[in-house]
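Descriptive structure summary
One letter stands for each residue in the lines below.
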Amino acid sequence: MTTKESILALFEEQRGVYFSGEEIAARLAVSRAAVWKAVNGLRKEGYEIDAVSNKGYRLAADTDILSTQGIEKYQDPVCRTLNLCVLPEAESTNTLLREKANAGAPEGTVILANTQTKGRGRRGRSFYSPADTGLYLSILLRPDGMTPDQAVKITTMAAVAVCEAVEEISGKETWIKWVNDIYQEGRKISGILTEASVSMENGSVESVILGIGINVYPPESGFPEDIRETAGSAFDGKQNDGKNRLAAGVLNYFFKEYERIDRTDYVEKYRAKSLVVGKEITILSPSGNRQATALDVDQDCHLIVRYENGQTERLSSGEISIRLS
Ligand code: BTN
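Residues numbered from 1 in each chain as written. Predicted model: local features only at pLDDT ≥ 70, side-chain atom pairs only at ≥ 80, totals over all residues. Heavy atoms only, no water.

On to helix α2 (residues 21-28), then. What α2 keeps buried is the set Gly21, Ile24 and Ala25. Down the axis of α2, the buried side of the element spans an arc of 100 degrees, and every buried residue falls inside it. Set apart from the buried face of α2 by more than 90 degrees, the exposed residues are Glu22 and Ala26. For α2, the secondary structure elements touched by its buried residues are α1 (3-13), α3 (32-44) and β2 (56-59). Alanine 29 occupies a position one or two residues after α2 and carries a positive phi of about 55 degrees. (Buried < 20%, exposed > 50% of the residue type's maximum accessible area, 1.4 Å probe, protein only. Helix = DSSP H or I, 4+ residues; strand = E, 2+ residues; numbered from the N terminus. Arc of directions from axis to C-beta. Contact = heavy atoms within 4.5 Å.)

In this section: the layout of surface pockets. Approximately 1000 Å³ is the volume attributed to the largest pocket. As for the largest pocket, its lining consists of 41 residues, and the residues nearest its centre are Arg125, Ser126, Phe127, Asp181 and Lys188. Looking at the lining of the largest pocket, the elements that each hand over two or more residues are α5 (93-102), β5 (134-141), β7 (181-184), β8 (187-198), β9 (205-215) and β14 (321-324). Along the lines of polarity and charge, the residues of the lining of the largest pocket split into 17 nonpolar, 16 polar and 8 charged. In this structure, the second largest pocket occupies an estimated 810 Å³ of space. Lining the second largest pocket are 33 residues; nearest its centre among them are Glu45, Tyr47, Ile65, Leu66 and Ser67. Elements supplying a minimum of two residues to the lining of the second largest pocket: α1, α4 (68-72) and β3 (83-87). For the lining of the second largest pocket, the element with the most residues is α1, which contributes 6 residues. Each residue belonging to the lining of the second largest pocket can be placed in one class, and the counts come to 12 nonpolar, 7 polar and 14 charged. (1 Å grid on protein atoms, 1.4 Å probe; cavity = no way out; pocket = protein on both sides within 12 Å on 5 of 7 lines; lining within 4 Å. Points joined across faces, edges and corners; volume = space filled by probe spheres on them. Nonpolar A, V, L, I, M, F, W, Y, C, P; charged D, E, K, R; others polar.)

A word on the pairing of β2. Consecutive side chains along a regular strand alternate between the two faces of the sheet. In this structure, strand β1 (residues 49-52) lies alongside β2, joined through 4 bridges in antiparallel fashion. Paired with alanine 51 across the bridge in β2 is tyrosine 57. Here β1 folds back onto β2, and the loop between the two strands holds 3 residues, one of which, asparagine 54, carries a positive phi near 70 degrees. (Pairing = 2+ DSSP bridges.)

With that settled, consider the site of the ligand. Around the ligand, a shell composed of 19 residues is seen, among which Ser92, Gln116, Arg120, Arg122 and Lys188 lie nearest. Between the ligand and the protein, one listed contact pairs a nitrogen atom with a side-chain N or O atom of glutamine 116 at 3.0 Å. In this structure, a nitrogen atom belonging to the ligand sits 2.7 Å away from a main-chain N or O atom of arginine 120. Starting from 420 Å² of accessible surface for the ligand in isolation, the protein chains cover 98%. In this structure, the ligand is accommodated by the largest pocket. Mapped by element, the contributors of at least two residues to the shell around the ligand are α5, β5, β8 and β9. Ranked by residue count, the leading element in the shell around the ligand is β8, at 4 residues. A breakdown of the residues in the shell around the ligand according to their chemical character gives 5 nonpolar, 10 polar and 4 charged. (Near = heavy atom within 4 Å. Polar contact = N/O pair within 3.5 Å; in protein donor to acceptor, adjacent residues only side chain to side chain. Areas by Shrake-Rupley, 256 points an atom, 1.4 Å probe, with all protein chains shown as cover. Sits in = over half its atoms within 2 Å of the grid points.)

Between α1 and α2, the shortest axis-to-axis distance is 11 Å and the interhelical angle comes to 115 degrees. Judged on the interaxial angle alone, α2 and α1 are roughly perpendicular. Every pair of crossing elements has a handedness; the one defined by α1 and α2 is right-handed. Listed contacts from α2 to Thr3, Ser6, Ile7, Leu10 and Phe11 of α1 are Ile24, Arg27 and Leu28. Each residue belonging to the contact of α1 with α2 can be placed in one class, and the counts come to 5 nonpolar, 2 polar and 1 charged. (Axes fitted to C-alpha atoms, helices over the stretch in contact; angles between N-to-C directions. Parallel < 35°, antiparallel > 145°, perpendicular 65-115°, else oblique. Left-handed = near helix turned anticlockwise from the far one by under 90°.)

Let us now look at the pattern of salt bridges. Applying the stated criterion to the full structure yields 25 salt bridges. The partner of lysine 73 in a salt bridge is glutamate 12, with the nearest N and O atoms 2.5 Å apart. Here lysine 73, found in the loop between α4 and β3, pairs with glutamate 12, found in helix α1; they are 61 residues apart in sequence, far enough to count as distant. Owing to a relative accessible area of 1%, glutamate 12 belongs among the buried residues under this scheme. Shared partners join several salt bridges into a network, and the residues in it are Glu164, Glu257, Arg260, Arg263, Asp265 and Lys269. (Salt bridge = Lys/Arg side-chain N within 4 Å of Asp/Glu carboxyl O.)

Right, let's talk about the environment of alanine 131 for a bit. Residue placement: alanine 131 occurs in the loop between β4 (109-113) and β5. For the pair formed by alanine 131 and phenylalanine 19, sequence separation is 112 residues and the distance between their alpha carbons is 30 Å. Filtering out sequence-adjacent residues up to four positions away, alanine 131 remains in contact with Asn114 and Thr115.

Written out as structure tokens, the structure is:
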């Protein structure tokens with residue numbers, strides 16, 4: 001860890017506590033000048049650091065900048081072995097993590113970015129990823145002996161984890177539109193893009209990049225025209241350390257379920273949060289659109305639907321998406 005990173009970890013661990021330059025220097029076994037330089041470095045990165053004579057330095061109480069140190073302090077033991085990397089900017093955290101996965105990165109490598117210049121959504125769409133107001137993260141998983149069809153479990157677990165983490169902080173209920181869109185008060189606040197790489201030899205999943213995008217706060221200049229009527233944010237206004245808390249919450253809830261992937265409790269939670277079960281929907285697929293009633297989500301996270309002619313079908317996500325009628 002650099003001096004700057006160590007100071008940030010100290011400030012994050014004990015928010016609100018002042019540390020004198022002398023004390024920091026002694027703790028980290030560096031010179032006072034090195035402390036001063038590192039504090040200035042943090043300020044340049046946007047951290048607001050209070051400096052009071054006879055007291056010292058501390059992180060301003062309402063600082064809300066995503067960082068490894070900031071996330072780690074909220075992490076449950078189940079996440080302690082994760083390898084987090086927080087970047088100020090990435091083209092797409094999914095694309096970057098795929099490169100790392102191909103180069104052999106282990107399960108539990110996580111990339112988070114403060115903004116994405118080419119954030120990707122499902123079905124080739126882009127994902128609006130402005131700086132400072134969103135959370136964009138990708139998690140590398142290497143599940144044992146999973147078939148591509150079972151990979152939908154990962155998306156399902158992630159959707160439940162996002163709901164739980166958002167609700168814990170915002171206190172507002174969230175809903176899931178099958179298969180992977182999270183809604184709050186009728187607006188989409190989060191989307192999930194799960195990309196698997198499959199072994200040519202045995203057809204099993206070699207690695208999965210689980211990409212999660214959350215609109216945390218309303219963007220300063222509003223959402224772009226094309227999503228203005230449909231997009232929303234998890235929190236109306238600034239939360240104390242909201243982004244670090246939310247990132248840690250998503251990881252904590254997700255890995256708690258992922259650890260026991262053979263159990264299916266999360267399906268119950270998923271069902272309870274479904275925005276579509278019991279509703280009239282339009283199924284959009286490459287072969288055309290069809291009207292149906294969504295009947296249930298089964299144990300494998302397929303959507304059971306009944307068409308107007310009475311025929312029922314079990315849909316897996318693939319190329320399909322749905323619209324509430
Ligand atoms: C969707 O709603 O269509 C899915 C959106 C997924 C967005 C996330 S943000 C982090 C990760 N990196 C990407 O480029 N996409 C995913």
